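Given next are the chains, with one letter for each unit.
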Amino acid sequence: MSCFAGDPNFCPECGNVLPLPGQSKTVRCPRCSFVIPVTEFCGQKIESTVVFNSEQQTLIHLEDEDSELNGPLVDRRCSRCGKEGMVYHTRQMRSADEGQTVFFTCMHCKFQEKEDS
């Protein structure tokens, strides 16, 4: 008796994702070698949805392209004015085997702070 049941895209024996049907008349699980006829997949409807964040929510663009306020907006509290909303950018300040430095700029008071990772 099978341990897994329900979605035909998964192996009923081991739960592994089954490969897409190809030219063969059967689909074989790459993990446990379970075999199912391709006809089991007939009439199956597949839908997918991709939801992206809107650009207005994630980027702040000012008229001055060189401004420090261009970049992704994050929920971070400014240590100077205490308000939420900072933009950030990263730079490689040290050797390549060390993490990047993240620079945060407050949208309200323009205070800049850095975080070494």
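Refer to the preceding data block for the structure.
Described in the following lines is the structure provided in the data block. (Residues numbered from 1 in each chain as written. Predicted model: local features only at pLDDT ≥ 70, side-chain atom pairs only at ≥ 80, totals over all residues. Heavy atoms only, no water.)

**A word on the overall build of the chain**
The condition that has to hold: Numbering of helices and strands runs from the N terminus; a helix is a DSSP stretch of H or I covering at least four residues, while a strand is a stretch of E covering at least two. Exposure classes here rest on a 1.4 Å probe applied to the protein chains alone. A residue is buried below 20% of its type maximum, exposed above 50%, and partly exposed in between. Should any heavy atoms of two residues lie within 4.5 Å, those residues are considered in contact. Only the protein chains shown count as cover for residues, and the accessible areas themselves come from Shrake-Rupley with a 1.4 Å probe.
Check the secondary structure of the chain and you find 1 helix and 7 strands. Helices (α) and strands (β) of the chain occur, in sequence order from the N terminus, as β-β-α-β-β-β-β-β. Classification of the 117 residues of the chain by burial places 20% in the buried group. Partitioning the contacts of the chain with sequence separation of at least 6, the portion at a separation of at least 24 is 18%. As displayed, the chain has an accessible area near 9000 Å², and 51% of this comes from carbon and sulfur atoms.

**Describing the side chain of Glu113**
For clarity, the cut-off: In protein, a polar contact means a hydrogen-donor-capable atom and an acceptor-capable atom, both N or O and within 3.5 Å, with residues adjacent in sequence counting only if both atoms are side-chain atoms; elsewhere, any N or O pair within 3.5 Å suffices.
The topology assignment puts Glu113 in strand β7 (residues 112-116). For Glu113, a relative accessible area of 13% translates into the label buried. A polar atom in the side chain of Glu113 sits 3.1 Å from the side chain of Arg76. Setting aside chain neighbours within four positions, we find Glu113 in contact with Arg76, Arg77, Ser79, Met86, Val102, Phe103 and Phe104.

**Side note on the nonpolar core**
Rules: Side-chain atoms within 4.5 Å link the members of a nonpolar core, which is a set of buried Ala, Val, Leu, Ile, Met, Phe, Trp, Tyr and Cys residues.
Among the nonpolar cores identified, the biggest contains 7 residues, and these are Cys11, Cys14, Leu18, Val27, Cys29, Ile36 and Phe41. Residues Cys78, Met86, Val102 and Phe104 belong to the second largest nonpolar core, which totals 5 residues.

**Considering the pairing of strand β6 (residues 101-106)**
Applied cut-off: Two strands form a pair only when DSSP identifies at least two bridges running between them.
Of all 6 residues in β6, 6 are buried, a share of seventy percent or more. Of the two faces of β6, the one carrying Thr101, Phe103 and Thr105 and the one carrying Val102, Phe104 and Cys106 are both buried. Sheet topology note: the strand β5 (residues 84-91)/β6 ladder contains 6 bridges and is antiparallel. Paired with His89 across the bridge in β6 is Phe103. Turn length for the β6-β7 hairpin, with the two strands adjacent in sequence and antiparallel, is 5 residues, and the turn residue Lys110 shows positive phi of about 65 degrees.

**So, the packing of aromatic side chains**
This is how it is decided: The pairing test for Phe, Tyr and Trp rings, Trp by its six-membered ring, is centres within 6.5 Å, and the orientation test on the planes gives stacked under 30 degrees, edge-to-face over 60, and tilted for anything in between. Any Lys NZ or Arg CZ that is within 6 Å of a ring centre and within 35 degrees of that ring's normal is treated as a charge sitting over the ring.
A full pass over the atoms with the stated rule returns 1 aromatic pair. With centroids separated by 6.1 Å and ring planes inclined at 45 degrees, the aromatic side chains of Tyr88 and Phe104 adopt a geometry described as tilted. Pair noted here: Tyr88 is in strand β5 and Phe104 is in strand β6, with a separation of 16 residues, a long-range link. By relative accessible area, Phe104 is classed as buried at 7%. In this arrangement the basic side chain of Arg76 is found over the ring face of Phe104, its NZ or CZ atom lying 3.8 Å from the centre.

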